[in-house]
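One-letter residues, chain by chain:
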Amino acid sequence: MRAWLKNNRGFLLFLVCFALLRTAVADWNPIPSGSMRPTLLEGDVVLVNRLAYDVKVPLTDLSLAATGEPRRGDVVTFHSPKDGTRLIKRIVGLPGDTVALRGDVLFVNGVAARYSDPVRVTEDVPGWGKVPAVRVTEHVAGSARVVQYLSGVQAMRDFGPVTVPKDGYFTMGDNRDDSADSRYIGPVARRLIIGRTSHLLVSADILDHWMPRPDRFGKALD
């Protein structure tokens, strides 16, 4: 055993450094569901910057130093406050904000979002089949992104108002009618946030024999 360890110490050191890098500096996250459509698709793999907000002790939620503040509009990965599942959503509410939803219209601090550039598409939703959908650009509190609504799908279209607690963040999926986000799991504490993502690494269509999507390789996220 000692001889094996000696002969392979270089490789073992590489594995240790790689593990520390992935748990403390940079990581990747595959997208298994359509909750962030159209921004992220099933089969996308995103790069996660673990140093965007905090330097943490590897393999823990313990922050050693803050490196930045989560901003409205950031796409973040985090551990669900409900069951610890790793999720990826967009921050729409900051600490102290009041967030509400009325007929799928987002309100932040009592001000309704503006919606423009509607595009009608058809989406294949598990359990519902092909359903008509509308994509619009949502402008709210100084940030903008394309979000999607699904016609005829049962969803939480009215919510709140709720006040985001100190050191908490309200998250939502861009695919508003098909996302288990803070409407269901509650606000996300900062310590549960793993990191921020702004780019795709690679992408393959998991619904079509894992065919690569070269046009999405390295793509920047809105």
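Data block above holds the structure.
Criteria and thresholds
- Residues numbered from 1 in each chain as written.
- Predicted model: local features only at pLDDT ≥ 70, side-chain atom pairs only at ≥ 80, totals over all residues.
- Heavy atoms only, no water.
- Helix = DSSP H or I, 4+ residues; strand = E, 2+ residues; numbered from the N terminus.
- Buried < 20%, exposed > 50% of the residue type's maximum accessible area, 1.4 Å probe, protein only.
- 1 Å grid on protein atoms, 1.4 Å probe; cavity = no way out; pocket = protein on both sides within 12 Å on 5 of 7 lines; lining within 4 Å.
- Points joined across faces, edges and corners; volume = space filled by probe spheres on them.
- Nonpolar A, V, L, I, M, F, W, Y, C, P; charged D, E, K, R; others polar.
- Patch = residues over 30% accessible without salt bridge, like charges linked within 9 Å, V, L, I, M, F, W, Y side chains within 5 Å.
- Areas by Shrake-Rupley, 256 points an atom, 1.4 Å probe, with all protein chains shown as cover.
- Salt bridge = Lys/Arg side-chain N within 4 Å of Asp/Glu carboxyl O.
- Pairing = 2+ DSSP bridges.
- Axes fitted to C-alpha atoms, helices over the stretch in contact; angles between N-to-C directions.
- Contact = heavy atoms within 4.5 Å.

1. Structural notes on unusual backbone geometry
Glycine aside, residues mostly have negative phi, and peptide bonds are mostly found in the trans state.
Part 1 of the argument: Pro 38 follows Arg 37 through a cis peptide bond whose omega is 5°.
Part 2 of the argument: In this structure, Pro 38 sits in the loop between β1 (26-30) and β2 (44-49).
Part 3 of the argument: In this structure, Pro 161 follows Gly 160 across a cis peptide bond, with omega equal to 15°.
Part 4 of the argument: Although it is not a glycine, Asn 109 sits at a positive phi angle of roughly 55°.
Part 5 of the argument: On the basis of relative accessible area, Asn 109 is assigned to the partly exposed category, the value being 44%.
Part 6 of the argument: Here the phi dihedral of Asp 117 falls at roughly 55°; this positive angle occurs in a residue that is not glycine.
Part 7 of the argument: Of note, Asp 117 is situated in strand β10 (residues 114-125).
Part 8 of the argument: According to the relative accessible area criterion, Asp 117 is exposed, its value standing at 55%.

2. Regarding empty space enclosed by the protein
Part 1 of the argument: For the structure shown, the criterion picks out 1 cavity of 30 Å³ or more.
Part 2 of the argument: Of the voids in this model, the largest cavity is the one considered here, and its volume is about 30 Å³.
Part 3 of the argument: Elements supplying a minimum of two residues to the lining of the largest cavity: β3 (54-56) and β16 (193-205).
Part 4 of the argument: Looking at the lining of the largest cavity residue by residue, the classes come out as 3 nonpolar, 1 polar and 3 charged.

3. Focus on a nonpolar patch on the surface
Part 1 of the argument: A cluster of nonpolar side chains, Trp 28, Leu 47, Leu 201, Val 202 and Phe 217, forms an exposed patch at the surface whose accessible area comes to about 410 Å².
Part 2 of the argument: Secondary-structure assignment places Phe 217 in the segment after β17 (211-212).

4. Some words on the pairing of strand β14 (residues 168-172)
Looking along a regular strand, one sees side chains alternate from face to face of the sheet.
Part 1 of the argument: Among the 5 residues that make up β14, 5 are buried, leaving the element largely enclosed by the rest of the structure.
Part 2 of the argument: Here β14 shows two buried faces, one formed by Gly 168, Phe 170 and Met 172 and the other by Tyr 169 and Thr 171.
Part 3 of the argument: In this structure, strand β6 (residues 86-93) lies alongside β14, joined through 3 bridges in antiparallel fashion. In the strand pairing of β14, Gly 93 is matched with Phe 170.
Part 4 of the argument: Examined bridge by bridge, β14 and strand β15 (residues 188-189) share 2 bridges and lie antiparallel to one another. Considered in β15, the bridge of Tyr 169 is made with Val 188.

5. Here's the deal with the sheet that holds strand β8 (residues 105-108)
Part 1 of the argument: Sheet architecture is open: 4 strands sit in the order β9-β8-β7-β13, paired in antiparallel fashion. In this open sheet, the two edge strands, each paired with only one partner strand, are β9 (111-112) and β13 (159-163).

6. So, the layout of surface pockets
Part 1 of the argument: Its volume calculated, the largest pocket comes out at about 200 Å³.
Part 2 of the argument: The wall of the largest pocket is formed by 14 residues, among which Ser 33, Ser 35, Leu 87, Ile 88 and Lys 89 lie closest to the centre.
Part 3 of the argument: In terms of residue count, the dominant contributor to the lining of the largest pocket is β6 (4 residues).
Part 4 of the argument: Of the residues assigned to the lining of the largest pocket, the class counts are 7 nonpolar, 4 polar and 3 charged.

7. Looking at the sheet that holds β10
Part 1 of the argument: Sheet architecture is open: 3 strands sit in the order β10-β11-β12, paired in antiparallel fashion. With one partner strand each, in any of the chains shown, β10 and β12 (143-150) form the two edges of the open sheet. Geometrically, the sheet is characterised by an average inter-axis angle of 25° between neighbouring strands, direction not taken into account.
Part 2 of the argument: In terms of strand pairing, β10 meets strand β11 (residues 129-140) through 10 bridges, oriented antiparallel. Across the sheet, the residue bridging to Val 121 is Ala 133, located in β11.

8. A word on the environment of Ala 144
Part 1 of the argument: Here Ala 144 shows up in strand β12.
Part 2 of the argument: Taking the C-alpha atoms as reference points, Ala 144 and Asp 222, 78 residues apart in sequence, are found 8.3 Å from one another.
Part 3 of the argument: Apart from the residues within four sequence positions on either side, Ala 144 is in contact with Thr 137, Glu 138 and His 139.

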